[in-house]
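Now for the letters of each chain:
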Amino acid sequence: MAHELMTRYSELIDKKLQATLVTKDNFIFNNHYEGNAVGGKVKIPVRSTDVVVGDYNKASGMDLNEGSTTYIDLDLSYDKAVNEIIDGYDFAAVPDDIVAERLDNAGYALGVVEDAISIAALENEGTIDEDKEALTKENIYEKIVNLRTLLSEKNVPVQGRWLIVSPEVYGMLLCDTTNFIRQGDISQSLVESGAIGQIAGFTVYESSRLTKNDEEKVEGKTTTVEMIAGHPNWCHRVEEWSVPVAVNPLTNTFIGASAVQGRKIFGVKISNSDAVIVKRKEE
């Protein structure tokens, strides 16, 4: 029974976490891996080329080709914990609504932390766009089309491309009544993923966690990330509960009290920097 509760509590937090994340699994990041994530290191598959297609001969068949999928290590180096006391109730008498409220809060808090780390990985491991001109309502569509072209030149698939924009840039997109497809006009599955619209083949997401006014040590300039374009095929994130969530009794100082406790580990990696482009402005 205790194990079933731990599994259920962990699943409830995961659902809240995914609802909170901007960088959702299967839309911004993929979570494909081999190995045991609880051990802290897994293998992630990376395919750099397409399957070879050749002519088939009915008499002699066709030569076998070796797949080009390789595997790289991903360390689950981020170790985050939930450890919040539930005071005022004996362990055996904690109301279900109190437990549910703590689990909900834990999922939200983990989502905030995971989003910040994931977006930082995109910014730090992606390719910085050479164009540092600030976005405006007049040039924003042209700049997004330029990102589309850069990804196409690197053979990044068209299907599944995403664009994460700052709140300021989202405001500019809302003013573009010609090119920006608003949330109400996209599919329900994309709405449920947190998408706010589509433009130039990108599904658009908004995040307030893009770097803003970062002081550069070169020529005294400050930089602000305006948007990031990419594809989930080369953005990897793996997570696992190293200690599943439980409501545990406390002893010693907190006699009779209990706490919601659990530990989650995760790792983030960009395996192809060409598949993630970071558009910054310099001031």
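Here is what the cut-offs are and how they apply
- Throughout, residues of each chain are indexed from 1 in the direction in which the sequence is written.
- Thresholds applied to this predicted model are a pLDDT of at least 70 for local features of residues and 80 or more for the giving and counting of side-chain atom pairs; totals over whole chains, interfaces and linings are not thresholded and use all residues.
- Heavy atoms from the whole structure form the basis of all side-chain values; hydrogens and water molecules are not counted.
- By the criteria applied, helices consist of DSSP H or I runs no shorter than four residues and strands consist of E runs no shorter than two, each listed in order from the N terminus.
- Each helix should span, by expectation, one fewer than its residue count multiplied by 1.5 Å.
- Throughout this description, buried means an accessible area under 20% of the type-specific maximum (1.4 Å probe, protein chains only), exposed means over 50%, and partly exposed covers the range between.
- In this description, one arc is meant: the one made by directions from the helix axis to the C-beta atoms.
- Ring pairs shown here join Phe, Tyr and Trp side chains whose ring centres sit within 6.5 Å, with only the six-membered ring taken for Trp; geometry is labelled stacked below 30 degrees between planes, edge-to-face above 60, and tilted in between.
- Among the buried residues, those of types Ala, Val, Leu, Ile, Met, Phe, Trp, Tyr and Cys that are joined through side-chain atoms within 4.5 Å form a nonpolar core.
- By definition, residues are in contact when any of their heavy atoms lie within 4.5 Å.

**A short note on helix α3 (residues 140-153)**
Okay, so step 1: Here α3 contains 14 residues, and its C-alpha end-to-end distance of 20 Å stays within 8% of the 20 Å for a straight helix at 1.5 Å per residue.
Okay, so step 2: Among all positions of α3, only I140, K143, I144, L147 and L151 are buried. One side of α3 carries all its buried residues, which in axial view fall inside an arc of 100°. In α3, the exposed positions that point more than 90 degrees away from the buried face belong to E142 and E153.
Okay, so step 3: Taken from the residues just after α3, N155 is the one with a positive phi, measuring 60°.

**Some words on the packing of aromatic side chains**
Okay, so step 1: For the structure on display, the rule yields two aromatic pairs.
Okay, so step 2: Considering the side-chain rings of Y78 and F266, the 5.2 Å spacing of their centres and the 20° angle between planes classify their relative orientation as stacked. Taken as a pair, Y78 in strand β3 (residues 78-86) and F266 in strand β12 (residues 258-270) lie far apart in primary sequence, 188 residues in all.
Okay, so step 3: On the basis of relative accessible area, F266 is assigned to the buried category, the value being 2%.
Okay, so step 4: Relative to F180, the ring of Y170 lies with its centre 6.3 Å away and its plane at 75°, an arrangement referred to as edge-to-face. Of this pair, Y170 sits in helix α4 (residues 167-174) while F180 sits in the loop between α4 and β6 (181-182), and the two are ten residues apart along the sequence.
Okay, so step 5: The class for F180 is buried, based on a relative accessible area of 4%.

**A few points about the nonpolar core**
A general feature of soluble globular proteins is that nonpolar side chains tend to end up buried together.
Okay, so step 1: I144, L163, V165, L173 and V204 are the most contacted members of the largest nonpolar core, which has 23 residues in total.
Okay, so step 2: Of all the elements in the fold, those that place two or more residues in this core are α3, β5 (162-165), α4, β8 (202-206) and β10 (222-230).
Okay, so step 3: The contact partners of L163, leaving out residues within four places of it in the chain, are I144, L147, I199, F202, T203, V204, Y205, M227, I228 and A229.
Okay, so step 4: The next biggest cluster of nonpolar side chains, apart from the first, holds 22 residues, and it includes A121, I164, Y205 and I270.

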